[in-house]
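Commentary on secondary and tertiary structure
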Amino acid sequence: MSTRALRRLKGKQRGQEALDLGDLSLGDSPEEQAEAEVGEEQLDTANVANVSPPSNSKVTSRKAKKNKAQKNFSNIYELICDAENESERVSPDEDPERNKASGTRENNNNDVENQDQKHEEESTKSGDKVKKKKKKKKTKTTSEDRQLNGVAAENIDLLLENLEQSNGGSLQSEDCGSSVRRSVLHVEHRNLNPETELKRYFGARAVLGDQRPRQRNRHYLRSTWMTSPKDSWPRFSRPGISMTLLESKNGIHYFSFEHNRDYQQVQFKFLDAVESMDPNNIVALLQLNPYHIDSLLQLSDVCRIQEDQEMARDLIERALYSFECAFHPLFSLTSGTSQLDYLRPENRAFYLALYKHMMFLEKRGCPRTALEYCKLILCLDPDSDPLCMLLLIDFLMLRSREYKSLLQLYQDWEEHRNLSQLPNFAFSCALCHFHLSQQEDMDPEESDKQRQQADQMLQSALIMFPGVLMPLLDLCTVQPDSTVSSHSFFGPKNQIGQPPALAELTALYVGRSYSLWKEAAVMLWLEESVKEVLRRVDAKDPLVEDCQNKRKQRYQSAPRNIHRHVLLSEIKEATSTLPLEVTTQPVMGFDPLPPLDSVISYTRPERQHVGASNESTLSLFFRSLLPNFNLQGGLRQEDDMEVARAGQELNQEVNRLMVAMRDMLANIRFQEPPREDNPYRDEDEWD
């Protein structure tokens, strides 16, 4: 029987045979191919005729396998694939050759139909083998691709690490406290959301309640980190604020907000509304421009004064949302490398919105979230600290029980910022050590060490700032001992003799942090430290005199950012200590105490100031009748010649009128009534 007939009997056509990867090997000689074909023909004829014994079939199959092995040896790269597929060839369930040999031994007495079925099964199994080999090669190529991608990713990571190290090295060489700011003042996105803190206190069910997912027909508001957009807000449209990158230096990116022309015109209208002293004008302006920043800040102050806290907080959140929608793609809230210059008026509104939002969070009972915003404000300009957040961060850390973070900040910043010279840090760090000593999970030795450190720091703070004690006890409603109140070191004489800047700092700390000292254990600890300080004062400790000299030399005048912080804090004990140069000038809520060296990008056009301040009563009377009347005759450059000529003629007519009135008043004569001839008549007698 011919080979073509054998193929037809097997169900194969020329060109439709299952491909074997071994046949594709390189370097096959024609003699080897011919020998393999002869071996296959002998095997086929033996299977069909059923004449040859099983041993001959085994020999021919071994020869075919040997020929295939010789083919594979001709290509060195094929050995790798054969080694990987060795398990497939050994397993009897998956090896089609062994199945074929066993099939011939078992079915020697079967008819031709059974042989056809057997050959069909063999063809399907050989196809499965080819598929499995293809899968093996695919998995091998994908593993190699993954290795290449992993190497590329590792190279990219190495490049990024080198860039960060180079930026970090230059940054550390430029400023010793930069790496400290990045670690201690690190800001996390999840801590900017007050719901995170409220869930930790009360649970998610109590905070979220029965809130349903937002409806599909709601306004499409952009999701932001600082605030959650509300459906009750007006539809957002860009108000005309954008952010630009000014420069990048030593790994720090300096940004600035910008106002377009339309926003500048709205800003001019807002300034006119503020000068009118009528909040309704600001409300009317917000109805037309619902996301104007300064209008939102100013109206929030009005609502807060009227005790509408919910509306005041909502306006601040709307301002923050408008700011965040204008962020530059490179601006980051958490990296610590994005800064805004407070000297630019466009940036100040962002500082004030963050500060007011932080104060609302603190009053709401979210000190941890407020602390995160405090760190954010400090990272925006840590060198100048325009809102003086170092006077507040210790209070928020104590409220949120971040004791170790406070001590780390004090330890790292003391060298280049002299935090020990601030009353708030001197007392807060001592209080922090005391709270650490009271923790139950601390070792007794470590607890004693913390307590000794707390005693030492509190005594040093009382010696350096003795004016803190009596106002603190007064606000805590604690009656001091007679030995303490009558002593000259803590008496009223020492408080009156404080420098003005120190009195301002002391009043600010006492008015803000007195609630932290009301605990019974803290008050007992304070009493022990006060007695020890009095003993050291009576013993003429040299530290007492040294601190007294430091108080006289320092704290003579406070910088402008401290005054600005006192105004924003609205603590009455501190605002009463402000100097006259601050209290006598008008303070605007949308820009309190602007810097003297501000960087102005655009100026407000001059308003038409009509009239003079020393106008007479007559001129004011004519002005009430004619608002454009100007008796002084001071012409404006913007007026036309006709308007100027009409004003001169009006002045001439008024002067003529005044001259005529003088003549009329001078020529008036009053006629005396006629008298009777009886001179002796009594004047008191009536007819």
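As a reminder, the structure under discussion sits directly above these lines.
Now for a description of the structure that goes with this document. Not measured: the values here are computed from a predicted model.

Here we look at the packing of helix α13 (residues 293-305) against helix α15 (residues 345-364)
How two helices sit against one another is set out by the angle between their axes and by the gap between those axes. Interaxial distance between α13 and α15 falls to 10 Å at its minimum, and their mutual angle equals 30°. As far as their axial angle goes, α15 and α13 are roughly parallel. Considering the relative orientation of α13 and α15, their crossing is left-handed. Contacts from I293, D294, L297, S300, D301 and R304 in α13 reach A349, L352, A353, K356 and F360 in α15. Here the contact of α13 with α15 is built from residues that sort into six nonpolar, one polar and four charged.

Considerations on helix α20 (residues 444-464)
The first and last C-alpha atoms of α20 sit 30 Å apart over 21 residues, in line with the 30 Å expected at 1.5 Å per residue. Looking only at α20, the buried set comprises S447, Q450, A454, M457, L458, Q459, A461, L462, I463 and M464. Contact partners of the buried residues in α20: α18 (403-417), α19 (423-437), α21 (469-475), α25 (520-538) and α26 (542-553).

A few points about the packing of aromatic side chains
Taken as a whole and judged by the stated rule, the model has 21 aromatic pairs. Note on F427 and Y509: the rings are 5.8 Å apart at their centroids and 25° apart in plane angle, and the pair reads as stacked. Of the two residues, F427 sits in helix α19 while Y509 sits in helix α24 (residues 500-513), which places them 82 residues apart along the sequence. For the pair F427 and Y509, one class covers both residues: buried.

Some thoughts on unusual backbone geometry
Trans is the common state for peptide bonds, and a negative phi is the common state for residues other than glycine. Here N250, not a glycine, exhibits a phi torsion of approximately 55°, which is positive. With respect to the secondary-structure elements, N250 resides in the loop between β1 (241-249) and β2 (252-259). Overall, the relative accessible area of 29% leaves N250 in the partly exposed class. With a phi angle near 55°, N418 is a residue other than glycine that sits in the positive phi range. Structurally, the position occupied by N418 is in the loop between α18 and α19.

Conventions and cut-offs
- Residues numbered from 1 in each chain as written.
- Predicted model: local features only at pLDDT ≥ 70, side-chain atom pairs only at ≥ 80, totals over all residues.
- Heavy atoms only, no water.
- Axes fitted to C-alpha atoms, helices over the stretch in contact; angles between N-to-C directions.
- Helix = DSSP H or I, 4+ residues; strand = E, 2+ residues; numbered from the N terminus.
- Parallel < 35°, antiparallel > 145°, perpendicular 65-115°, else oblique.
- Left-handed = near helix turned anticlockwise from the far one by under 90°.
- Contact = heavy atoms within 4.5 Å.
- Nonpolar A, V, L, I, M, F, W, Y, C, P; charged D, E, K, R; others polar.
- Expected span 1.5 Å × (residues − 1).
- Buried < 20%, exposed > 50% of the residue type's maximum accessible area, 1.4 Å probe, protein only.
- Phe/Tyr/Trp six-rings, centres within 6.5 Å; stacked < 30°, edge-to-face > 60°.

Purely geometric stuff here, so don't read any function into it on its own.
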